[in-house]
Structure formats: structure tokens, C-alpha cells
Amino acid sequence: MDVRPAARVVCLDRDGRVLLLHWYDRIDDAEVWEPPGGRLEPGETPSRAARRELTEETGLPGSAVLDRHVEVDRDFRWLGTRFVKREVFFLARFDEERPEVDPGELTEEESAAWLGYVWAEELPAGVEPPELAKVVERLTRDPR
């Protein structure tokens, strides 16, 4: 079981679409849609990790990540490992419609699993975390 801390970014375009990255887990033969993000490096804060991961996985500017976050309990499988942890989800807003995503800094593992991305008006089946709609609502509603 893996409990490493992680941070994710809920990206919204000017029309409120949510950016979801599309991955294929070859071990569990499963497709997953999730917001950009990943584990914290040693000594890294969640907000710094969110900004770094956003840029690495999407090419979008980390400076778009706002100081708004919610914590989300996660329990999921990826590449044969069960992850049980609390992740910090940040909000990022973009003034454009569907900004172009360029995942130029994916790790070898990520490149092998990458299927693409979508700016979703409605969340697809297989979205992680399953309660992502509530996370988006909390991030856009809470005045923090």
C-alpha cells in the first residue's frame, strides 16, 4: 500500500469545463480520467507540488494554481498498487476556452500510460476520484 502525499489541480477553462487527463493502467486493464497532479517530492509543499505537476503533465503555467484547496480522501489502485491517502486538490482557472495541453515532461511510466486529455463539460465514467463533481463544487463555492 502506498501512502505518499500528493497534490492535484482542478483546472477550469473560461466556460467551466474541467481538464481531465486520460490514462491506461496496463496491469489492471483499466482506463482512468483524473485531474493533473502527483506525489510531493521530499521537502515540497502541496501548493508547490501542484504547480510543478500541472506544468509537467500539461504544459500549462503553474502560476494559474490558486491558493484554494480542499483535502480529499483517496482509495484507488494504479499499476498494481493500492493507494490510500489524503490528497490536496487545488483550483486553477484559465481565461481561454479549452487551453491546449502539451504533456512535455511526463515520466517514462506516465508516457506509457498516457491516452490524452479532455476539457469535460460532464465528467465521464471512470473519473477519479469518483466524487470529483463534489470536489469541484467545494473548490468553486468555498470562500477560502
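The model shown is predicted, which means the values in this text are computed figures rather than measured ones.

S.K.: I would appreciate a short explanation of the pattern of salt bridges in the present structure.
M.R.: Oppositely charged side chains are able to pair whenever their charged atoms sit close together. A full pass over the atoms with the stated rule returns 23 salt bridges. Here Glu121 ties to Arg17 by a salt bridge, and the two come within 3.5 Å at their closest N and O atoms. Of this pair, Glu121 sits in the loop between strand S7 (114-120) and helix H3 (132-141) while Arg17 sits in the loop between strand S1 (6-12) and strand S2 (18-25), and the two are 104 residues apart along the sequence. Note on Glu121: relative accessible area 63%, which makes it exposed. Residue classification places Arg17 among the buried positions, given a relative accessible area of 8%. Across the pair Glu137 and Arg141 runs a salt bridge, and its minimum N-O distance is 3.0 Å.

S.K.: Sorry, what's going on with the pairing of strand S3 (residues 30-34) here?
M.R.: Taken residue by residue, a regular strand's side chains alternate between the two faces of the sheet. Pairing of S2 with S3, which is carried by 5 bridges, proceeds in the antiparallel orientation. Bridged to Tyr24 within S3 is Glu31.

Cut-offs used in this document
- Position numbers for residues start from 1 in each chain and track the written sequence from start to end.
- Under the rules for a predicted model, residues below a pLDDT of 70 receive no local features and side-chain atom pairs below 80 are neither given nor counted, while totals for whole chains, interfaces and linings still include all residues.
- Excluding hydrogens and water, the side-chain values take into account all heavy atoms of the structure.
- One speaks of a salt bridge when a side-chain nitrogen belonging to Lys or Arg is within 4 Å of a carboxyl oxygen belonging to Asp or Glu.
- Labels follow the DSSP assignment, with helices taken as runs of H or I lasting at least four residues and strands as runs of E lasting at least two, numbered in each case from the N terminus.
- Note on exposure labels: buried denotes an accessible area under 20% of the residue type's maximum, exposed denotes more than 50%, and partly exposed covers the range between, all computed with a 1.4 Å probe on protein chains only.
- What makes two strands pair is DSSP finding at least two bridges between them.

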